[in-house]
Amino acid sequence: MTLMEILTRLARPRPNHSDALADTASYIGGLLRSWDIPFIVQQFPLRPHMHAIVGITCLALTALLLVLVVKRKWLPAVIAALAVPVLMLVEFELLVPTVSALFVKTGENIIVRFPVEGAARELIFCAHYDSKTEFLDHLQRTRLYQFLPLFFLLGILLGPLVLWGKRLGTSRGRIVQGVAVTLASLYMVYMSLVALNFGGYVFPIGESSGAVDNGTAVTSLLGLAREMREGRVARGRSSVTIVFTAGEEVNFQGAIHYVDRYIRGVRSPVPRYCVNLELMAQGGDMIYWKRSGVFLRFRDADRSLAARMGDAWRTVSGRPMGTEDHSADDSVAFMAAGVPTVTVGFSGRPGPGMGGFHSPADSIGRVKAAQLPQAVATFRRFIESYGNR
Ligand SMILES: [Zn+2]
């Protein structure tokens with residue numbers, strides 16, 4: 001079975017809330033079984049509607065804020081305004097479930113281990129197999145979300161503004177109150193757009209088949225697993241672990257559960273390193289993202305892993321590896337646990353670059369088939385670069 005045949009089967013919508021997610025997991029498991037590759041399945045509580053539930057809650061809170069501003073209840077308005085960023089930070093930055101835990105299903109990570117005797121290190125390769133559809137792609141949503149801090153601050157200042165209007169009384173006070181109501185309405189319009197992007201998949205819109213994000217990455221790691229099983233990768237003293245995660249598109253839930261179960265608090269006799277894969281095998285050169293994070297905290301990619309991968313890519317392709325600034329992906333979970341990590345992918349340039357994901361534009365037509373074996377060869381080269389040290 002060729003890599004493109006595998007990818008063609010994978011490249012269909014498989015969002016976390018759908019049955020296609022479990023179907024994809026069983027397809028991956030079936031392939032591994034057919035190649036006689038042992039694997040384990042880690043089940044975890046998956047909150048597939050996390051973004052939609054948080055988005056609707058934040059929208060309800062801004063609606064409440066508007067009502068409180070209209071009614072000139074300044075202190076409750078401050079509390080309602082504070083609740084919005086607190087909820088977003090607790091869910092998305094601190095990764096603590098609150099309202100998103102309203103709806104839970106079972107998610108599955110698929111874990112393949114190739115241990116070696118007397119290992120000097122563990123190399124973990126990670127790729128998510130879920131997909132996502134949003135109204136806005138990666139680039140457009142960044143443009144929308146960049147105003148979040150501004151609106152959070154504005155919302156909190158509305159209470160004091162109402163109080164000021166009350167103190168002024170009469171005509172000037174009415175103008176200040178009018179400004180407060182206008183700004184509260186604007187905030188609500190803005191939050192409607194955010195909520196629409198968070199939860200818009202509930203409407204029947206064209207779905208992303210997640211070919212490049214992240215079918216190609218899963219395919220590359222399946223190809224790597226097959227080569228290792230066939231003894232075509234000289235692993236030296238590197239144990240290799242391959243993790244296929246669910247829940248990446250809902251704030252890295254699968255990776256977080258993998259890290260919680262197998263890394264945090266689990267003493268390893270050897271250092272662990274993680275290579276996370278995103279957006280493989282579109283056009284352009286291999287790149288790595290310099291930083292990973294969600295809102296506040298961004299952590300640096302491990303430069304020595306990136307350099308090692310860059311050398312491997314140059315050997316395979318004859319071209320240098322490029323960079324992108326930052327991303328939000330499974331690497332966040334590994335970095336938070338102190339594992340040196342790098343996320344690698346393809347630039348997509350010339351072409352759509354980082355645009356067009358989470359939409360029907362991410363289809364099999366976007367994949368550059370020749371990049372798939374190149375990616376596998378690069379990862380093999382990366383593993384072999386450690387030699388017998
Ligand atoms: Zn992705």
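Residues numbered from 1 in each chain as written. Predicted model: local features only at pLDDT ≥ 70, side-chain atom pairs only at ≥ 80, totals over all residues.

## Concerning the overall build of the protein
So, step 1. Counting its regular elements, the protein contains 12 helices and nine strands.
So, step 2. The C-alpha radius of gyration of the protein comes to 23 Å, within 12% of the 21 Å expected for a compact globule of 389 residues.
So, step 3. Reported as C-alpha extents along the three principal axes, the dimensions of the protein are approximately 85 × 45 × 40 Å.
So, step 4. Classification of the 389 residues of the protein by burial places 44% in the buried group.
So, step 5. For the protein, contacts bridging at least 24 residues in sequence account for 86% of all contacts bridging at least 6. (Helix = DSSP H or I, 4+ residues; strand = E, 2+ residues; numbered from the N terminus. Rg over C-alpha atoms; globule rule 2.2 N^0.38 Å. Buried ≥ 20, exposed ≤ 12 C-beta atoms within 10 Å, placed from the backbone. Contact = placed C-beta atoms within 7 Å.)

## Some remarks on the nonpolar core
So, step 1. Core analysis: the largest hydrophobic core is formed by 71 residues, its most contacted members being F125, V218, L221, L277, Y288 and M309.
So, step 2. Of the residues forming this core, the biggest block, eight residues, is contributed by helix 8 (residues 211-229).
So, step 3. Beyond its immediate chain neighbours, meaning those up to four positions away, M309 contacts V275, Y288, M321, V342, V344 and F382.
So, step 4. With 27 residues, the next largest nonpolar core counts I53, V54, C58 and L61 among its residues. (Core = buried A, V, L, I, M, F, W, Y, C linked by C-beta atoms within 7 Å.)

## Considering unusual backbone geometry
So, step 1. Omega for the peptide link from D213 to N214 comes to 15 degrees, which places this bond in the cis form.
So, step 2. Take N214: it is sitting in helix 8.
So, step 3. Phi at L95 takes a positive value of approximately 65 degrees, unusual for a residue other than glycine.
So, step 4. Relative to the helices and strands, L95 is located in the loop between helix 4 (74-93) and strand 2 (105-114).

## A look at the pairing of strand 6 (residues 286-293)
So, step 1. Bridge count for strand 6 against strand 9 (residues 341-346) is three bridges, and the pairing is antiparallel. Note on strand 9: the bridge partner recorded for I287 is G345.
So, step 2. The loop that links strand 6 with its antiparallel partner strand 7 (residues 298-300) comprises four residues. (Pairing = 2+ DSSP bridges.)

## Focus: the domain arrangement of the protein
So, step 1. Taken domain by domain, the protein holds domain 1 (3-48 + 106-133 + 210-384) and domain 2 (53-96 + 141-202).
So, step 2. One C-alpha centre belongs to domain 1, the other to domain 2, and the line joining them spans 38 Å.
So, step 3. Opposite the eight residues of domain 1 that make contact, domain 2 presents five residues.
So, step 4. The residue inventory of the side of domain 1 that touches domain 2, partitioned by class, reads five nonpolar, two polar and one charged. (Domains from an automatic or database assignment. Nonpolar A, V, L, I, M, F, W, Y, C, P; charged D, E, K, R; others polar.)

## Looking at the packing of helix 8 against helix 12 (residues 371-384)
So, step 1. Close contact between helix 8 and helix 12 brings their axes to 9 Å; oriented N to C, the two are set at 55 degrees. Judged by the inter-axis angle, helix 8 sits oblique to helix 12. As helix 8 packs across helix 12, the resulting crossing turns out to be right-handed. Along its contact with helix 8, which presents T216, T219, S220, G223, L224 and E227, the element helix 12 presents L372, A375, V376, F379 and R380.
So, step 2. Partitioned by chemical class, the residues of the contact of helix 8 with helix 12 number five nonpolar, four polar and two charged. (Axes fitted to C-alpha atoms, helices over the stretch in contact; angles between N-to-C directions. Parallel < 35°, antiparallel > 145°, perpendicular 65-115°, else oblique. Left-handed = near helix turned anticlockwise from the far one by under 90°.)

## Side note on the environment of I53
So, step 1. Here I53 lies in helix 3 (residues 50-70).
So, step 2. Residue class for I53 comes out buried when judged on the 21 C-beta atoms lying within 10 Å of it.
So, step 3. Leave out the neighbours within four places in its chain, and I53 touches V99, S100, L102 and F103.

## A short note on helix 1 (residues 3-10)
So, step 1. Those residues of helix 1 lying buried are L3, I6, L7 and L10. The arc enclosing the buried residues of helix 1, seen along the axis, measures out at 95 degrees, which places them on a common side.
So, step 2. Next to the buried residues of helix 1 lie helix 2 (19-34), helix 8 and helix 12. (Arc of directions from axis to C-beta.)

## What to know about helix 4
So, step 1. With 20 residues, helix 4 should reach 28 Å at 1.5 Å per residue; the first-to-last C-alpha distance of 28 Å fits that figure.
So, step 2. Burial in helix 4 covers these residues: A77, V78, A80, A81, V84 and E91.
So, step 3. In this fold, the buried residues of helix 4 make contact with helix 3 and helix 6 (148-168).
So, step 4. Looking one or two residues beyond helix 4, the residue adopting positive phi is L95, at roughly 65 degrees. (Expected span 1.5 Å × (residues − 1).)

## A short note on the packing of helix 10 (residues 303-317) against helix 12
So, step 1. Where helix 10 contacts helix 12, the axes come no closer than 8 Å and their chain directions differ by 130 degrees. The orientation of helix 10 with respect to helix 12, classified from their angle, is oblique. The interaxial crossing formed by helix 10 with helix 12 has right-handed handedness. Within the contact between the two elements, helix 10 uses R308, M309, A312, W313, T315, V316 and S317 and helix 12 uses Q374, A377, T378, R381 and F382.

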